[in-house]
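Listed here are the chains, written in short residue letters.
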Amino acid sequence: MTLSERTVSELREIPSRYPDGRSAILPMLHLAQSDEGLVTGEAMDVIGEILDLTTAQVTAVASFYTMYRLAGAGGEHHIGVCINTMCGLLGGDAIYEEVSKRLSIGNHETSADGKFTLEKIECQAACTYAPVVTVDWEFFDQMDLVKMMDVIDRLTAGEEVVPTRGPAVRGWRATERTLAGMPDGLGDAGGGADAVMLAGLKKAHELGESAPPPGEGAK
C-alpha cells in the first residue's frame, strides 16, 4: 500500500492547526487510516518525518489507542458493540454473539466479503441509551437483535441507514476523515442532546447545584 499524494499533502497541513504540531498525531493517524484502511509502517514513517518524531514514537501512540488498526485493513463498515456492564446486561452481549455468528467473524475480524469489521467496545460513553452499537462510529441507541440484523441487511443491500443521532452511515473510511478534522459539511446533522441526555443537568439546576469555578478542586 502507498499513501496517496492527496493524503500526504493533507497530513502536512494538519499540524498547522495546533500551537504544538505534535498534538496533530492523533488526527494524522486517522487520516492515514482513512486512506489505506489501517496505519501502515509507511504512514508512521511519513507522520514521524512531518512531526520530527521517530517511527518508534509514532508507533507507540498508534499501538496504544484501539481505534487504530496496525494489521489487516478494516472493512467497508465498522460495527462496534458495547459489552460493558450496562450495555452487556441489557442485550449488548447477545447482540455481539449474533452479529459474530451472522458474519462468521470474531473480535477485530473482517467478513470474507470485506463489508464489515466487528469489534467489542468496552464503553461507548452512551449508557443513557443502553444497549448501544456504533456503525462507523455513528450511534444506534437502545438496540436489539431485530434492529441490528435490519441494519446489517440494509447496509449489505447498499441502502441508506440513518443512526439514532448523527448523519447517515457513510462508510468507515469516510468517518476516519471526519475524525481527522477534514471538512464534511455534516456538523449539524442528526440534532443535539435530547431531554434524556440533559436530565442530570436539569436536576442540578432544580437543586441549585453547579460545577465549581475553574481552578477550584473538590472540597
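Look a little higher up for the structure.
**Student:** I keep staring at the packing of aromatic side chains and nothing clicks. Help me out?
**Tutor:** Aromatic rings in a pair are described by how distant their centres are and how their planes are angled relative to each other. Across all of its chains, the model carries 2 aromatic pairs by this definition. Each ring, one from F64 and one from Y65, has its centre 4.9 Å from the other, and the planes form 85°; the classification is edge-to-face. Looking at F64, the relative accessible area reads 61%, which means it is exposed. Owing to a relative accessible area of 39%, Y65 belongs among the partly exposed residues under this scheme. With a centroid separation of 6.5 Å and 90° between ring planes, the pair formed by Y65 and Y68 is classed as edge-to-face. Taken together, the ring pairs connect F64, Y65 and Y68 into an aromatic cluster.

**Student:** When you look at the nonpolar core in this model, what are you seeing that I'm missing?
**Tutor:** Soluble globular proteins tend to bury their nonpolar side chains together. Formed by 22 residues in total, the largest nonpolar core has its most connected members in L11, I25, M28, L29, I47, L51 and V58. Taken together, the elements giving at least two residues each to this core come down to α2 (25-36), α3 (41-51) and α4 (55-64). Among the elements that make up this core, the one with the highest residue count is α3 (6 residues). The residues contacting I25, other than those within four sequence positions of it, are I47, L51, L53, V58 and V61. Core analysis: the next-biggest nonpolar cluster, separate from the first, contains 21 residues, V133, M148, V161 and V169 among them.

**Student:** So what exactly am I meant to see when it comes to the sheet that holds strand β1 (residues 77-82) here?
**Tutor:** Sheets are built from strands that pair by backbone hydrogen bonding, the pairs being arranged parallel or antiparallel. Taken in spatial order, the 5 strands line up as β2-β3-β1-β4-β5 in an open sheet, and their pairing is mixed. Every interior strand has two partners, whereas the edge strands, β2 (109-110) and β5 (138-140), have only one. Judged from the 2 bridges that link them, β2 and strand β3 (residues 116-121) form a sheet pairing that is antiparallel. Residue pairing for β3: E109 is matched across the bridge by L118. Sheet contacts for helix α5 (residues 85-103): β1, β3 and β4 (133-135); angle to β1, the most-contacted strand, approximately 145°.

**Student:** Could you clarify how one ought to interpret a nonpolar patch on the surface in this entry?
**Tutor:** Taken together, the side chains of L26, F64 and Y65 make up a nonpolar region of the molecular surface, amounting to roughly 310 Å² of accessible area. Relative to the assigned elements, F64 resides in helix α4.

**Student:** When you look at α2 in this model, what are you seeing that I'm missing?
**Tutor:** Side chains that are three or four residues apart share a direction in an α-helix, a result of its 3.6 residues per turn. For α2, built from 12 residues, the straight-helix expectation of 16 Å at 1.5 Å per residue is met to within 8% by its first-to-last C-alpha distance of 17 Å. Judged by how many residues are buried, α2 sits mostly within the fold: 10 of 12 residues are covered. Among the residues making up α2, those that are buried are I25, P27, M28, L29, H30, L31, A32, Q33, S34 and E36. Looking at the buried side of α2, the elements it contacts are α1 (5-13), α3, α4 and α7 (172-179). Positive backbone phi, at 85°, marks G37, one or two positions downstream of α2.

**Student:** What is the right way to read the state of the cysteines from this model?
**Tutor:** Note: disulfide means a covalent bond formed between the sulfur atoms of two cysteine side chains. Scanning the entire structure with this criterion turns up 0 disulfides. Lacking any disulfide linkage, C82 is separated from the closest cysteine sulfur, that of C87, by 3.6 Å. Residue classification places C82 among the buried residues on the basis of a relative accessible area of 2%.

**Student:** How do you make sense of the pattern of salt bridges when you look at a structure like this?
**Tutor:** Note on pairing: side chains with opposite charge can pair once their charged atoms come close. In the structure shown here, the tally under the stated rule is 12 salt bridges. Taking the shortest distance from any N to any O, the salt bridge between R154 and E159 comes out at 4.0 Å. Taking the relative accessible area as the measure of exposure, R154 reaches 26% and is therefore partly exposed. Judged by relative accessible area, E159 falls into the partly exposed class, the value being 44%. E206 is paired through a salt bridge with K203; the nearest N and O atoms lie 3.9 Å apart. With E206 and K203 both in helix α8 (residues 199-206) and 3 residues apart, this pair spans about one turn of that helix. Through salt bridges with shared partners, a single ionic network connects R6, E10 and R177.

**Student:** I keep staring at the environment of L26 and nothing clicks. Help me out?
**Tutor:** Relative to the helices and strands, L26 resides in helix α2. We classify L26 as partly exposed; its relative accessible area is 31%. Separated by 37 residues in the primary sequence, L26 and S63 have C-alpha atoms spaced 11 Å apart. Once residues lying within four places of it in the same chain are set aside, the contact partners of L26 are V61, Y65 and Y68.

Rules behind the numbers
Residue numbers restart at each chain and count upward from 1, following the sequence in its written direction. For a predicted model such as this one, the threshold for reporting local features is a pLDDT of at least 70, and the threshold for listing and counting side-chain atom pairs is 80 or more; totals across whole chains, interfaces and linings nevertheless cover every residue. To obtain the side-chain values, all non-hydrogen atoms of the structure were included, while hydrogens and water were left out. Planes of paired rings set the category: under 30 degrees apart is stacked, over 60 is edge-to-face and the rest tilted, where pairs are Phe, Tyr or Trp rings (Trp by its six-membered ring) whose centres lie within 6.5 Å. Working definition: with a 1.4 Å probe on protein chains only, accessible area under 20% of the residue-type maximum means buried, over 50% means exposed, and in between means partly exposed. Within this scheme, the nonpolar core is defined by two criteria: the residues are buried Ala, Val, Leu, Ile, Met, Phe, Trp, Tyr or Cys, and they are joined through side-chain atoms within 4.5 Å. The helix count covers DSSP runs of H or I at least four residues long, the strand count covers runs of E at least two residues long, and both are numbered beginning at the N terminus. When checking whether two residues touch, look at their non-hydrogen atoms; a contact exists if any pair is within 4.5 Å. Strand pairing is assigned whenever DSSP identifies at least 2 bridges connecting the two strands. Structural elements are reduced to axes, namely lines fitted to C-alpha atoms, with helices fitted over the stretch in contact, and the angle between N-to-C directions of any two is expressed from 0 to 180 degrees. Two distance rules govern patches: like charges are joined within 9 Å, and nonpolar side chains (Val, Leu, Ile, Met, Phe, Trp, Tyr) within 5 Å, applied only to residues with over 30% relative accessible area and no salt bridge. Accessible surface is estimated by sampling points in the Shrake-Rupley manner with a 1.4 Å probe; for residues, cover comes only from the protein chains shown. We count a salt bridge whenever a side-chain nitrogen from Lys or Arg sits within 4 Å of a carboxyl oxygen from Asp or Glu. The length a helix should cover is 1.5 Å for every residue beyond the first. In this description, the term disulfide denotes a pair of cysteine sulfurs within 2.5 Å.

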